[in-house]
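Here is how the chains run, residue by residue.
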Amino acid sequence: MSRKANLAAGEAADAARLLHELEVHAAELEQQNVELRLSREEAARERTRYQELYDAAPLAYFTLDLDGRITDLNSAAAVLLGVSKATTTKVAFLDFVASDSATNFRDFLADVAVANGLGMCELKLHSKRLGDRFVRLVGRLEAGASGFLVAATDITERWQYEQELAAAKAAAEAAKLDAEAANRAKSAFLANMSHEIRTPLHVITGMACLVRRSSVTPGQTERLDRIGEASAHLLAILNDILDLSKIEAGKCSLETAPLSIGAIMDSVCSMIATAAAAKQLAMRIENHLLSDRFWGDATRLRQALLNYANNAVKFTEKGSVTLSASLTEESDDDAIIRFEVTDTGIGISADVMPKLFSPFQQADSSTTRRYGGTGLGLVITQKIAELMGGNAGAASALGTGSTFWFTVRMRKAKSEEKIAEQSPVESSVESPEAILTRDYGQLRLLIVDDDPDNLYITQHLLREVWPKIDMANDGIEAVELAAKNRYDLILMDIRMPRMDGLEATRRIRQLPSGRNVVILALTANAFPEDRTRCIDAGMNDLIPKGTAVDAPFAAILQFLPKISH
């Protein structure tokens, strides 16, 4: 074959190969076109699905440009704003934001833009259809920082609940303040009532005592006894009312010290022994405790038990009254003690039992007429028991006697913890007045009171023990006399014109001669806070007016170690 023929054959082969390659490439391009078309169709379907999901989402979504204008939103967002989707394009989102939330929104966008991350804020929107709505916005920058993608949650119900809760709290706080104001007014009224009743009561008991000390006939003695009994009854009623008021106002604080339950029960029995003997009632004590050493408030415990015991004697004409103590529960550190007072008295019918522990209640009106009383003793015992972590109740049947009980939780006392001994006043056979007359008659006293009757009674009551007594009508006179004379004891009223007893005490304590003098408040103000105010002012203690006539002697005797004589 010629060279020319060979070249032609090669060219033909090359052309055929090139044609085949073109056909293959064309087929590949066609396949790519098919795949691209399918990919576009799938992308379109995905966009449609995304748009459908975006539009149907229950959460409101917005896209905003960098200036905060709406570029897109879903149906929930349109509903939230109360507009159609078509009318919101390029509308500033700020147009829907309440004026008092505008700053929050601007700061929100600025924070998202600077942080290039998520941001959140809460604000109020003006919805054209729904009215004001409260929303929480969560947003981030879109890819390329071309705008913001924002999700909005309607928190209107939560906000309304919080507003209602805040209003309820405000109302509760206002009610609390009103209640506290009412309690303060009640306390002020009771304090004033106590003062106004104790002052004349002090005069009555004092005058009766002074008359009794003079020569009186048996008939006059009997009449004076009646005055004493009536005064004691009035004082008991007053003390019960004040006790209940203090407990209900939360102003009754409990002391904590080692005590002996057996000693308390013995003390209660001795207190009611005279009344029980007058009725020929047998008194019994049943102490079932293996150890009766505990920590607690002996005074309040004795008061609670004495309330029950007094009632038992009052409503029992024959038979016995039994005081008992038993253990109902214990741990390594504390125990629950149950106290019971059982009598053989008139008993109580079932239909009136629920009334017993209500203030000012007795079994029935005939009982009140026959036996007297306010009915406060039982409720006070119940309140004391509750303050001590226990409760109170009763079991009774008409004509068969009654059992009144209360429980208290008490911390166990260790064997090395010493029980407080009785004071010399309590344990001594001699009266406080006799001891003072014998050993301390040389003391010099100052009595300060603006009431002439109180001055007269206190002076004449004490001058048989102390002939050297000076008197002042108010705090100013008291300070002037204390600056001139050295006194061993000052009995100071609190409420006085010109200068009260508290300020007078403070000034006397600043005097060289007033640093060691015993100053006792002899006052008709008998609340615990009154005693606290007296102690804070520099007094040694407080003696309420209207108590036993010999109370000043007993109180003074307790402070003898502080008196130089």
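Residues numbered from 1 in each chain as written. Predicted model: local features only at pLDDT ≥ 70, side-chain atom pairs only at ≥ 80, totals over all residues. Heavy atoms only, no water.

### Comments concerning the overall build of the protein chain
To keep things clear, this is the line we draw: Here a strand is any run of E in DSSP of at least two residues, a helix any run of H or I of at least four, and the numbering for each starts at the N terminus. Buried means the residue's accessible area, taken with a 1.4 Å probe over protein chains only, is under 20% of the maximum for its type, while exposed means over 50%, and partly exposed covers the values in between. Throughout, a residue-residue contact means that at least one pair of heavy atoms, one from each residue, lies within 4.5 Å. The method behind every accessible area is Shrake-Rupley, applied with a 1.4 Å probe, and residues are considered shielded solely by the protein chains displayed.
For the protein chain, the count of helices and strands is 16 helices and 17 strands. For the protein chain, the proportion of its 565 residues judged to be buried stands at 42%. If you take every contact in the protein chain between residues at least 6 apart in sequence, the share linking residues at least 24 apart comes to 65%. Per element, the accessible surface of the protein chain, about 30500 Å² overall, is 54% carbon and sulfur.

### Some remarks on the environment of Glu157
Tracing the backbone shows Glu157 in helix α4 (residues 156-213). When the C-alpha positions of Glu157 and Phe134 are compared, they lie 8.4 Å apart, and in sequence the two are 23 residues distant.

### Focus on the packing of helix α6 (residues 261-278) against helix α7 (residues 298-314)
Which entries qualify depends on this criterion: Only the stretch in contact is used when a helix axis is fitted, and all axes are lines through C-alpha atoms; the angle between N-to-C directions ranges over 0 to 180 degrees. Each helix crossing is assigned a hand: it is left-handed if the near helix lies turned anticlockwise from the far helix by less than a right angle, otherwise right-handed if that turn is clockwise. Gly is placed with the polar residues, together with every amino acid not listed as nonpolar (Ala, Val, Leu, Ile, Met, Phe, Trp, Tyr, Cys and Pro) or charged (Asp, Glu, Lys and Arg).
Closest axis-to-axis distance for the α6/α7 pair is 9 Å, and the angle between their directions is 30 degrees. Between α6 and α7 the crossing geometry is right-handed. Contacts from Ile264, Met265, Ser267, Val268, Met271, Ile272, Ala275 and Ala276 in α6 reach Ala298, Leu301, Arg302, Leu305, Leu306, Ala309, Asn310 and Val313 in α7. A class-by-class count of the residues in the contact of α6 with α7 yields 13 nonpolar, two polar and one charged.

### Here we look at the sheet that holds strand β3 (residues 119-127)
To keep it simple, the criterion reads: One requirement defines pairing of two strands: DSSP has to find at least two bridges between them.
Overall, antiparallel pairing links the five strands, which are arranged β2-β1-β5-β4-β3 in an open sheet. Two strands close off the open sheet at either side, each with one partner strand: β2 (70-73) and β3. The sheet shows a mean angle of 30 degrees between the axes of neighbouring strands, taken without regard to direction. Where strand β1 (residues 60-65) and strand β5 (residues 147-154) come together, six bridges link them in antiparallel fashion. Considered in β5, the bridge of Asp65 is made with Gly147. Relative to strand β4 (residues 131-141), helix α3 (residues 102-115) is tilted by about 10 degrees, and along the sheet it contacts β1, β3, β4 and β5.

### Topic: the confidence of the model for the protein chain
One rule of thumb: low pLDDT means the predicted coordinates there are not for detailed reading. Heads up, the rule is: For every residue, the pLDDT score states the predictor's confidence, bounded by 0 at the bottom and 100 at the top.
Scored by pLDDT, the protein chain comes out at a mean of 81, with 84% of its residues at no less than 70. Every residue in residues 421-428 is under pLDDT 50, and counting partners more than four places away or in other chains gives five contacts.

### Description of empty space enclosed by the protein
In this approach, a probe sized like a water molecule rolls over the atoms, and the result shows the empty space that is left. As a reminder, the rule being used: Points on a 1 Å grid over protein atoms alone make up a cavity when a 1.4 Å probe fits among them but cannot get out, and a pocket when they form an open set with protein on both sides within 12 Å along at least five of seven lines; lining residues each have an atom within 4 Å of a point. Grid points are joined across faces, edges and corners, and a volume is the space filled by probe spheres set on the points.
Under the criterion given, the structure shown has two cavities of 30 Å³ or more. Approximately 30 Å³ is the volume found for the second largest cavity. Residue lining of the second largest cavity: Ala482, Asn485, Arg486, Tyr487, Ile490, Ile508, Ser513, Gly514 and Val517, and that is the complete set. Looking at the lining of the second largest cavity residue by residue, the class counts come to five nonpolar, three polar and one charged.

### Structural notes on helix α14 (residues 501-509)
Selection rule: Think of it as the arc spanned by the lines of direction from the helix axis to the C-beta atoms. Here a polar contact means two N or O atoms within 3.5 Å. Within protein one must be a hydrogen donor candidate and the other an acceptor candidate, and residues neighboring in sequence count only if both atoms are side-chain atoms.
Every buried residue of α14 is accounted for by Gly501, Leu502, Ala504, Thr505, Ile508 and Arg509. Taken around the axis of α14, the buried residues stretch over an arc of 160 degrees, which confines them to a single face. The distance from a side-chain oxygen at the start of α14 to the backbone nitrogen of Leu502 is 3.2 Å, and the residue carrying that oxygen is Asp500.

### Some remarks on the nonpolar core
The condition is simple: Here, nonpolar core refers to any group of buried Ala, Val, Leu, Ile, Met, Phe, Trp, Tyr and Cys residues whose side-chain atoms link them within 4.5 Å.
Ranked by size, the top nonpolar core spans 43 residues in total, and within it Ile261, Leu301, Ile337, Phe339 and Phe406 carry the most contacts. Taken together, the elements giving at least two residues each to this core come down to α6, α7, β9 (320-330), β10 (334-343), α9 (376-387) and β12 (402-412). It is α7 that contributes the most residues to this core, eight residues altogether. By size, the runner-up hydrophobic cluster in this structure holds 27 residues, among which are Phe93, Leu123, Leu137 and Phe148.

### Looking at the sheet that holds strand β13 (residues 445-448)
Across the sheet, which stays open at both edges, the five strands sit in the order β14-β13-β15-β16-β17 with parallel pairing between neighbours. A single partner strand is all that each edge strand has here, and the edge strands are β14 (469-472) and β17 (541-544). Here the average twist between neighbouring strands, direction ignored, is 20 degrees. Pairing analysis gives four bridges linking strand β15 (residues 489-492) to strand β16 (residues 518-523), with the strands arranged parallel. For Leu491, the partnering residue across the bridge sits in β16 and is Leu520. Taken strand by strand, α14 contacts β15 and β16, and its axis lies near 160 degrees from that of β15.

### A look at the environment of His288
Secondary-structure assignment places His288 in the loop between β7 (282-287) and β8 (293-296). Considering only alpha carbons, one finds His288 and Ser324, 36 residues apart in sequence, at a separation of 7.4 Å. In contact with His288, other than residues within four places in its own chain, are Ala325 and Ser326.

### Structural notes on a nonpolar patch on the surface
Heads up, the condition is: Nonpolar side chains (Val, Leu, Ile, Met, Phe, Trp, Tyr) within 5 Å and like charges within 9 Å form the patches, drawn only from residues with over 30% relative accessible area and no salt bridge. Between Lys or Arg on one side and Asp or Glu on the other, a salt bridge is scored when a side-chain nitrogen of the former is within 4 Å of a carboxyl oxygen of the latter.
Judged by side-chain polarity, Leu18, Leu19 and Leu22 come together as a nonpolar surface patch covering roughly 300 Å² of accessible area. Tracing the backbone shows Leu18 in helix α1 (residues 3-56).

### Here's the deal with the pairing of β12
As paired elements, β8 and β12 share two bridges and run antiparallel to each other. Within β12, the residue paired with Phe294 across the bridge is Lys412. In terms of strand pairing, β10 meets β12 through ten bridges, oriented antiparallel. Each residue of the ladder has a partner; that of Phe339, found in β12, is Phe406.

### Some words on the pairing of β4
Pairing of β3 with β4 involves nine bridges; the strand directions are antiparallel. Each residue of the ladder has a partner; that of Lys124, found in β4, is Phe134. Remark: three residues form the turn of the hairpin made by β3 and β4, two consecutive strands paired antiparallel. Hairpin connection between β4 and β5: a loop of five residues separates the two successive antiparallel strands, and Gly144 in this loop has a positive phi of roughly 80 degrees.

### Quick word on the pattern of salt bridges
Using the criterion set out here, one finds 19 salt bridges in the structure. Ionic pairing is found between Lys90 and Asp65, a salt bridge with its closest N-O pair at 3.8 Å. Of this pair, Lys90 sits in the loop between α2 (75-81) and α3 while Asp65 sits in strand β1, and the two are 25 residues apart along the sequence. Asp65 gets classed as buried once you look at its relative accessible area, which sits at 10%. With its nearest N and O atoms 3.8 Å apart, the salt bridge here joins Glu329 to Arg409. With Glu329 in strand β9 and Arg409 in strand β12, the pair connects residues that are 80 residues apart, well separated along the chain. Classification of Arg409 by relative accessible area gives partly exposed; the value is 38%. One continuous salt-bridge network, built from bridges that share partners, spans Asp65, Asp67, Arg69 and Lys90.

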